[in-house]
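Each chain, letter by letter, is given below.
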Amino acid sequence: MEAPLLQVENLTVRFGGLVALRNISFSLKEGEFLGIIGPNGAGKTTLFNAISGAVLPDRGKILFQGRDITSFPPHKRARLGIARTFQTLRLFSRLSVADNVKLAEGITYPIYAPILSLPSYQKGERELEESAFKLLKSFQLERYWPRPANALPYGERKRLEIARALALKPKLLLLDEPTAGLSHQEAISLIEELHNLRRKFSLTIFLIEHNMRIVMGYCPRIIALSYGEIIGEGSPEEIASNPAVIEAYLGEKE
Amino acid sequence: MNWKKLLLLAIPLFLWLINYPISNPRLFNPYALQIIILMGVNAILALSWDLVAGVTGQFSIGHAGFMAIGAYSSAFLTLNYHFPFLPAILFATLLSAAAGFVVGIPTLRLRGDYLAIATLGFGEIVRVAILNAKSLGAATGLKGIPILSSFFSVYLALAIALWLCLALLKSQPGRILLAIREDELAAQMMGIDVVKYKVFAFSLSACLAGIGGALYAHWTSFIHPDSFTFMKSIEIILMGVVGGMGTIYGAAAGGMIITLLPEGLRLLLEQNPVLSQNKEFIRMLFFASLLLIFILLRPQGIFGKKEGV
Amino acid sequence: MNLFLQQLINGLAWGGIYALIAIGYTMVYGVMQLINFAHGDVFMVGAFVGLVIAQLLPDKTSPLSVFLVFLSAMFFSTLLGILIERLGYRSLWRKNAPRLSLLIVAVAISLLLENSGLLLFGAAPRSFPEIIPSKSYFVGSIIFTNLQLIIILSCLLLMGILHLIVMHTKMGRAMRAVAEDSEMSALLGVPRERVLSFTFALGSALAGIAGVMVALYAPQINPLMGLLPGLKAFIAAVLGGIGSIPGAMVGGFVLGEAETLVSAYLSSSYRDLLAFLVLILVLLLRPQGLLGKGVVEKL
Ligand SMILES: Nc1ncnc2c1ncn2[C@@H]1O[C@H](COP(=O)(O)OP(=O)(O)OP(=O)(O)O)[C@@H](O)[C@H]1O
Ligand SMILES: [Mg+2]
């Protein structure tokens, strides 16, 4: 059996007295579309932060492609192929849509090349331009090319954030509530789009989602989190009939 | 695109051609030349600050320190060892860049406001160190520095600095610096080694400030630790803010405006004995008020776009 | 050993003064994440108000005069603190402007106060009237003055009062809520703008009192006197853990002692560099300070 793409072992994250994640272990296979659900404050975003390196865990290990990345800085994890979006948009709001995407693609020429206008710089910029255009086009965002990111409508900004993450050419994409704030129709079409992307870029997707119908409908495997602990894991049917999950959601809407 | 390169070559030629008449006191008012040269020097300093603060979003209030390093190191070489100007400037540039690097590595890991204090501390340390260095004239300053700066050298340096900043901003490294300003954490998550780029911006900025300092020293021919106090750093900030942070041309223009404005003020003040006694305080009050007015009412500066700072 | 003890006693008074100023920095930082550079100048204004009032009073050494001098210094610096917050920071804070803009405003206000002071009073130091006639006491071979005693005791008293205000009044609780989580506190109905005003008022009152204390202890004042003690007090706040009130107190005393010992045993010209060195060391080795909590940005 091949090694999992991502493996999380006994992960614990504390904020002062608060235990945001307690002893979390799970793994994620290449090509999977894993959903994670849980009430507000369950620790879902914190889990993403730990995987992407925004917070360091107090205990536990994170392995990516068999490599221990627990103490890697965020930018190194991103370069290894872990990309993410944020629950509240974090675009580079005054930069153009094009720049937002180009930025994540890395740099192919030495830092002094632009000053001397070297051929490597011109070639590198041309390539950036082309791949950024292709990527934006696949999201139908290319018409916004020169506009500052904060001038786009909300829904488009959410999609731009996903496009920006994909510019890293990641293997694993962490999506923190990509459908929040979208209408049901928009949400469904976004998820459909993600499904296609996953196939096209052979991506592994890890999705935080509050909309039960969407997770249940699209994610073959789901993890349920509550108060920092995994209370259920399995297919949508298994999750839906798991008494602990039902208990955690009791009183919640949906 | 070849006409563009031609134009680029024309700029130094043009500067060189008008250098002669403009430097001749019989053809051109020396007082006006003095101001024009200081405008050029200050434009370089404003650019230097804009690169870290306006473009990269890192607040430095110690730029006078880098300027001092450039001024003193180049003057030390030309005065004591009769170095030609160009190698002296190059040495000053490298030394200030090294200082930027050394200060940057530990402090740029810090959050923005700590960085501000750390750069302030750096500026003070440089000044106190010079004040205690006998070979640098200590409290009497350095006198008799050869006057090697000219209209040509100052404005050529400014043109190069502008070119450098503009080329940088259009390219991937420039985009990365802007992204760090917009959202440092998101930039990290996009695979950017934020500390490395901040140190880069800081060193480059220090190097420009060092050039500014060297040009300044070889124009005024006299430098003193008091020329590089905290107030000088504030003046540099004011230039960047008034011009428009993050706007390259704007910052340079801001440097020129902030040099020119107080001259008018000075002419006014000097007519009244009481005011003229306090002209330094009045000048600083004027600067402080300008700074407040701009940040509160027009944060994008004169040349910035509407989105604001 | 005796010399060492003597130095410790001398350092205590400066430590208390740094602590009083540091509290203002730390409280403001707590509620709005701003280094209020103008705080050191509020302290200077306190000293000058004290000077003006003391010169007006006929019987300078009566307890009533002393009380009036402190009270008026406190009153005017409080007023000034509130004004600074209202006119300088509030509109930017409301707009959620970048921190850089707030910092620039802080620097500008500081310059405005300093240079107004220079214009009004000139740059030459002025001596402060001796409103508390100095007495010295001996314990063994150690000397201390009544002024040192008064400063240290009043610092402790003021810190006690501050503690009561912060822990046990409604405003104090609101302050802590805003410092803990500003957005959340707004959702819970905490009047954030009033809390900001209150925080500035409280910090400035302490700074005003510290101003008079320094004026008595130095006993000279000048319009730039706020610059260095202000920076050092800020460094004390960072040393203690910015945002933490007990941290500011501890940081103030530690820095005061360290400075006195350095100037006693090494050289007084290192005294002013020490603070910056401490700053850089703290930032490198323990950025959260002695008593501060590690902060993580929320995503
Ligand atoms: N940087 C931080 N500092 C302190 N506490 C934090 C921090 N980040 C998260 N927390 C706390 O950790 C807990 C888990 O938060 P987290 O954001 O991971 O929840 P979540 O499952 O993503 O919730 P939501 O559905 O609301 O997004 C919460 O109690 C939160 O307040
Ligand atoms: Mg979340």
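Everything discussed here concerns the structure shown above.
Source: prediction; values computed, not measured.

**Comments concerning the overall build of chain C**
The helix and strand tally for chain C stands at 11 helices and four strands. Over its C-alpha atoms chain C spans a radius of gyration of 19 Å, differing by no more than 12% from the 19 Å that the globule rule assigns to 299 residues. Projected onto its principal axes, the C-alpha positions of chain C cover 60 × 45 × 35 Å. Split into buried and exposed, the 299 residues of chain C put 55% on the buried side. In chain C, the proportion of contacts linking residues at least 24 apart, taken out of those at least 6 apart, comes to 76%. With the model as given, the accessible surface of chain C reaches about 12800 Å², and the carbon-plus-sulfur share is 70%. Charged side chains in chain C number 18 positive and 13 negative. The centres of these two groups are separated by 7 Å.

**Considerations on the site of ligand 1**
Around ligand 1, the surrounding shell holds 17 residues, and the nearest of these are Gly41, Lys44, Thr45, Thr46 and Gln87 of chain A. Chain contributions to the surroundings of ligand 1 come from chains A and C. Between an oxygen atom of ligand 1 and a main-chain N or O atom of Gly43 of chain A, the distance comes to 2.9 Å. For ligand 1, whose free accessible area comes to 630 Å², the fraction covered by protein is 76%. With three residues, the top contributor of residues to the shell around ligand 1 is helix 1 (residues 44–52) of chain A. Taken together, the residues that form the shell around ligand 1 break down as six nonpolar, seven polar and four charged.

**Digging into the nonpolar core**
Ranked by size, the top nonpolar core spans 257 residues in total, and within it Ile223 of chain B together with Met32, Phe37 and Tyr89 of chain C carry the most contacts. The residues touching Ile223 of chain B, leaving out its near neighbours within four places in the chain, are Ala71, Tyr72, Ala75, Gly141, Leu142, Ile145, Tyr216, Ala217 and Phe228 of chain B. Formed by 29 residues, the second largest nonpolar core is a distinct cluster that contains Leu28, Leu34, Phe48 and Ala50 of chain A.

**Concerning the interface of chain A and chain B**
With 30 residues of chain A at the interface, the matching set in chain B holds 28 residues. In this assembly, chain A packs against chain B so that about 2700 Å² is buried in total across both faces, 66% of it on carbon and sulfur atoms. Counting across the interface, chain A meets chain B through four salt bridges. Glu182 of chain B serves as the salt-bridge partner of Arg94 of chain A, at 3.1 Å between the closest nitrogen and oxygen. Counting every contact that joins chain A to chain B gives 12 residue pairs in polar contact (both at pLDDT 80 or more). The element best represented in the side of chain A that touches chain B is helix 2 (residues 74–80) of chain A, accounting for four residues. Across the side of chain A that touches chain B, the residue classes tally to 16 nonpolar, five polar and nine charged.

**Some remarks on the coordination of the magnesium ion (ligand 2)**
In ideal tetrahedral geometry, four donors around a metal make angles of 109.5 degrees, whereas ideal octahedral geometry with six donors gives angles of 90 or 180 degrees. Residue and element names in this part refer to chain A. Here the magnesium ion (ligand 2) is held by Thr45 (OG1) and Gln87 (OE1), and the distances to it run 1.9 to 2.1 Å. Taken together, the residues span a long stretch of sequence, with Thr45 in helix 1 and Gln87 in the loop between strand 6 (82–84) and helix 3 (97–103) at a distance of 42 residues. Taking the relative accessible area as the measure of exposure, Thr45 reaches 15% and is therefore buried.

**Describing the sheet that holds strand 3 (residues 33–37) of chain A**
Residues and elements named next belong to chain A. What the six strands build is an open sheet, ordered 6-7-8-3-9-10; its pairing is mixed. Since the sheet does not close on itself, it has two edges, and those belong to strand 6 and strand 10 (229–234), each with one partner. Shown here is a sheet whose adjacent strand axes are inclined to one another by a mean of 20 degrees, direction ignored.

**Quick look at the sheet that holds strand 4 (residues 59–64) of chain A**
All names here are of chain A. On the basis of which strands lie adjacent, the open sheet formed by four strands has the order 2-1-4-5 and antiparallel pairing. Sheet topology places strand 2 (18–28) and strand 5 (67–68) at the edges, where each strand pairs with a single neighbour. Inspection of the sheet shows strand 4 paired to strand 5 by two bridges, in the antiparallel sense. Looking at strand 5, one finds that Leu63 is bridged to Asp68.

**Concerning the packing of helix 1 (residues 2–32) of chain C against helix 9 (residues 227–240) of chain C**
Residues and elements named next belong to chain C. Orientation of helix 1 relative to helix 9, taken along the N-to-C sense of each, is 70 degrees, at an axis distance of 8 Å. Regarding the angle of helix 1 to helix 9, the classification is roughly perpendicular. In this structure, helix 1 contributes Tyr18, Ile21, Ala22, Tyr25 and Thr26 to the contact, and helix 9 contributes Pro229, Gly230, Leu231, Lys232, Ala233, Phe234, Ala236 and Ala237. Here the residues of the contact of helix 1 with helix 9 are counted per class, giving 10 nonpolar, two polar and one charged.

Calculation criteria
- Residues numbered from 1 in each chain as written.
- Chains lettered and ligands numbered in written order.
- Predicted model: local features only at pLDDT ≥ 70, side-chain atom pairs only at ≥ 80, totals over all residues.
- Heavy atoms only, no water.
- Helix = DSSP H or I, 4+ residues; strand = E, 2+ residues; numbered from the N terminus.
- Rg over C-alpha atoms; globule rule 2.2 N^0.38 Å.
- Buried < 20%, exposed > 50% of the residue type's maximum accessible area, 1.4 Å probe, protein only.
- Contact = heavy atoms within 4.5 Å.
- Areas by Shrake-Rupley, 256 points an atom, 1.4 Å probe, with all protein chains shown as cover.
- Lys, Arg positive; Asp, Glu negative; His and termini not counted.
- Charge placed at Lys NZ, Arg CZ, Asp CG, Glu CD.
- Near = heavy atom within 4 Å.
- Polar contact = N/O pair within 3.5 Å; in protein donor to acceptor, adjacent residues only side chain to side chain.
- Nonpolar A, V, L, I, M, F, W, Y, C, P; charged D, E, K, R; others polar.
- Core = buried A, V, L, I, M, F, W, Y, C linked by side-chain atoms within 4.5 Å.
- Buried area = accessible area lost by both parts, 1.4 Å probe.
- Salt bridge = Lys/Arg side-chain N within 4 Å of Asp/Glu carboxyl O.
- Donors = N, O, S within 2.8 Å, 3.2 Å for Na, K, Ca; no water.
- Pairing = 2+ DSSP bridges.
- Axes fitted to C-alpha atoms, helices over the stretch in contact; angles between N-to-C directions.
- Parallel < 35°, antiparallel > 145°, perpendicular 65-115°, else oblique.

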